[in-house]
Amino acid sequence: MTGEGKRRAWVGDLIHDEDAGRRGIVADVLGGATWVLRPEYGSVRWTSRQPERLRVIRTREERLRDRDV
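Report on the accompanying structure. This is a predicted model, so every value here is computed, not measured.

A tally of regular secondary structure across the protein gives one helix and five strands. Secondary structure elements of the protein, listed N to C terminal, follow the sequence β-β-β-β-β-α. Over its C-alpha atoms the protein spans a radius of gyration of 11 Å, differing by no more than 12% from the 11 Å that the globule rule assigns to 69 residues. Taken along its principal axes, the extent of the C-alpha atoms in the protein is 30 × 30 × 25 Å.

Applying the stated rule across the entire model yields one aromatic pair. Relative to Trp35, the ring of Trp10 has its centre 6.4 Å away and its plane inclined at 80°; by these criteria the two rings are edge-to-face. Of the two residues, Trp10 is situated in the segment before β1 (14-17) and Trp35 in strand β3 (residues 34-38); the sequence distance between them amounts to 25 residues.

Here the focus is the side chain of Asp13. Take Asp13: it is sitting in the segment before β1. On the basis of relative accessibility, which here comes to 1%, the residue Asp13 falls in the buried class. Polar contacts involving the side chain of Asp13 include one to the main-chain amide nitrogen of Trp10, which spans 2.9 Å. Contacts of Asp13, omitting those with residues within four sequence positions, involve Arg7, Arg8, Gly24, Ile25, Val26, Val56, Arg58, Thr59 and Arg60.

Here we have five strands laid out as an open sheet, ordered β4-β3-β2-β1-β5, and antiparallel in their pairing. Each of the sheet's edge strands pairs with one partner strand only, and the pair in question is β4 (46-48) and β5 (54-58). Across this sheet, the average inter-strand angle for adjacent strands is 45°, counted without regard to direction. Pairing of β1 with β5 involves four bridges; the strand directions are antiparallel. Across the sheet, Leu14 pairs through a bridge with Arg58, a residue of β5.

By the secondary structure assignment, Glu62 is in helix α1 (residues 60-68). Polar contacts involving the side chain of Glu62 include one to the main-chain amide nitrogen of Thr59, which spans 2.9 Å.

Residues Ala9, Ile15, Val26, Val29, Trp35, Leu37, Trp46, Leu54 and Val56 constitute the largest nonpolar core, which totals nine residues. The set of elements that each furnish at least two residues to this core consists of β2 (22-30), β3 and β5. Residue contacts for Ile15: discarding those within four places in its chain leaves Ala9, Arg22, Arg23, Gly24, Val26, Leu37, Leu54, Arg55, Val56 and Ile57.

Reading the values: rules and limits
- Residues numbered from 1 in each chain as written.
- Predicted model: local features only at pLDDT ≥ 70, side-chain atom pairs only at ≥ 80, totals over all residues.
- Heavy atoms only, no water.
- Helix = DSSP H or I, 4+ residues; strand = E, 2+ residues; numbered from the N terminus.
- Rg over C-alpha atoms; globule rule 2.2 N^0.38 Å.
- Phe/Tyr/Trp six-rings, centres within 6.5 Å; stacked < 30°, edge-to-face > 60°.
- Buried < 20%, exposed > 50% of the residue type's maximum accessible area, 1.4 Å probe, protein only.
- Polar contact = N/O pair within 3.5 Å; in protein donor to acceptor, adjacent residues only side chain to side chain.
- Contact = heavy atoms within 4.5 Å.
- Pairing = 2+ DSSP bridges.
- Axes fitted to C-alpha atoms, helices over the stretch in contact; angles between N-to-C directions.
- Core = buried A, V, L, I, M, F, W, Y, C linked by side-chain atoms within 4.5 Å.

Right, dumping it as structure tokens:
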């Protein structure tokens, strides 16, 4: 993530889940307490209840901007 400091992962962000040891995209946040994650490619989902362990690699906005270039 560029120039914004640490921020909590949110829907659409590309993240690294430190607990699962894998990258993914935040698909949903349920009740503000459970982050639903999916791989960059594929469909197997997993969850996290520790958003502080989800390191944002690229925000949703950055991903969309780069896609449109």
